[in-house]
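# Fold and geometry: a report
Each chain, letter by letter, is given below.
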Amino acid sequence: MHAPSHIHAICEEYRAAATLDREHDRSDKATGRRIRCPLLALWSGQGALAEWYAGEGGPLALWRGWADDVRGQAMPGGHFFPEANPAQTAEALAGFFGEPVRTDRSG
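The structure reproduced in this document is the subject of the present report. (Residues numbered from 1 in each chain as written. Predicted model: local features only at pLDDT ≥ 70, side-chain atom pairs only at ≥ 80, totals over all residues. Heavy atoms only, no water.)

### Here we look at the overall build of the chain
Test applied: Only DSSP runs of H or I reaching four residues or more are called helices, and only runs of E reaching two or more are called strands; each is numbered from the N terminus. Relative accessibility decides the category of a residue: with a 1.4 Å probe and only protein chains considered, values under 20% of the type maximum give buried, values over 50% give exposed, and everything between is partly exposed. We call two residues contacting when some pair of their heavy atoms lies within 4.5 Å. Note on charges: Lys and Arg go in the positive column, Asp and Glu in the negative column, and His and the chain ends are not counted at all. In this description, the location of a charge corresponds to atom NZ of lysine, CZ of arginine, CG of aspartate or CD of glutamate.
Along its length, the chain carries six helices and two strands. Listed N to C, the secondary structure of the chain is α-α-β-α-α-β-α-α in terms of helices and strands. Here the C-alpha coordinates of the chain stretch approximately 50 × 35 × 30 Å along the principal axes. When each of the 107 residues of the chain is scored for burial, the buried share is 17%. Partitioning the intrachain contacts of the chain with sequence separation of at least 6 by distance along the chain shows that 66% fall at a separation of at least 24. Of the side-chain charges in the chain, 11 are positive and 14 negative, and the distance between the mean point of each set is 8 Å.

### So, the packing of helix α1 (residues 4-18) against helix α2 (residues 20-31)
Note the threshold: Each axis is a line fitted through C-alpha atoms, and for a helix only the stretch in contact is used; angles between axes span 0 to 180 degrees, taken between their N-to-C directions. Here is the rule for angles: anything less than 35 degrees is roughly parallel, anything more than 145 is roughly antiparallel, 65 through 115 is roughly perpendicular, and the remaining ranges are oblique. Residues are grouped as follows: nonpolar covers Ala, Val, Leu, Ile, Met, Phe, Trp, Tyr, Cys and Pro; charged covers Asp, Glu, Lys and Arg; every other residue, Gly included, is treated as polar.
Across the interface, α1 lies against α2 with an axial gap of 3 Å and an inter-helix angle of 40°. One finds that α1 runs oblique with respect to α2. Between α1 and α2, the contacting residues are A16, A17 and A18 on the first element and L20, D21 and R22 on the second. Residue composition of the contact of α1 with α2, grouped by class: four nonpolar, no polar and two charged.

### Description of the side chain of T89
This is how the line gets drawn: Whenever two N or O atoms come within 3.5 Å, that pair is a polar contact, provided that in protein one can donate a hydrogen and the other can accept it, and provided that, for residues adjacent in sequence, both atoms are side-chain atoms.
In this fold, T89 is placed in helix α6 (residues 86-97). In this structure the side chain of T89 is engaged in a polar contact, spanning 2.9 Å, whose partner is the backbone oxygen of N85. Those residues in contact with T89 that sit more than four places away from it in its chain are M75, F81 and P82.

### Quick word on the environment of T89
When its relative accessible area of 8% is taken as the criterion, T89 is described as buried. C-alpha of T89 to C-alpha of C11: the two residues are 78 residues apart in sequence and 25 Å apart in space.

### Focus on the nonpolar core
We count it as follows: Definition of nonpolar core: a set of buried residues of the types Ala, Val, Leu, Ile, Met, Phe, Trp, Tyr and Cys, connected through side-chain atoms within 4.5 Å.
Of all hydrophobic cores here, the largest spans six residues; its members are L39, A41, W43, L60, A67 and V70. Ranked by residue count, the leading element in this core is strand β1 (residues 39-44), at three residues. Not counting residues within four places of it along the chain, the set of residues in contact with A67 comprises R34, I35 and L39.

### Focus on the side chain of D69
For D69, the location among the structural elements is in the loop between α4 (59-64) and β2 (70-75). Among the residues examined, D69 registers a relative accessible area of 8% and is labelled buried. There is a polar contact of 2.7 Å between the side chain of D69 and the side chain of R71.

In C-alpha cells:
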C-alpha cells in the first residue's frame, strides 16, 4: 500500500466522491435515472453505517432510493472486511451472483 500509484488512486476516489460523483448523483435524481440491475451492498458490521443511516432505514434503504433490486447485509469485520473475512465475503458474493437472473420486473 506504499506505492505512490495506489495512494494517488485512493485520493482520486475520495476527490471524485466529494465533487464529480455528487454532481452525477444530483443529475441522476433529477432525471429519475435508477440502477436497474440487481445491486449487492455489503458493509462493515463493526462500522457506524447502520447507526449513521438509521433515520433513513439503514444502508439498504438508502440504496433502494437508487435501485430497483437491492440486497445486502452487514459483514463481520472492520473497514476492510473482505480481508478480515474473505470466506464470508466470497459466500455473500457467490450467493448474489449465483442466483438466477430475474426477468419479470412486475413484482
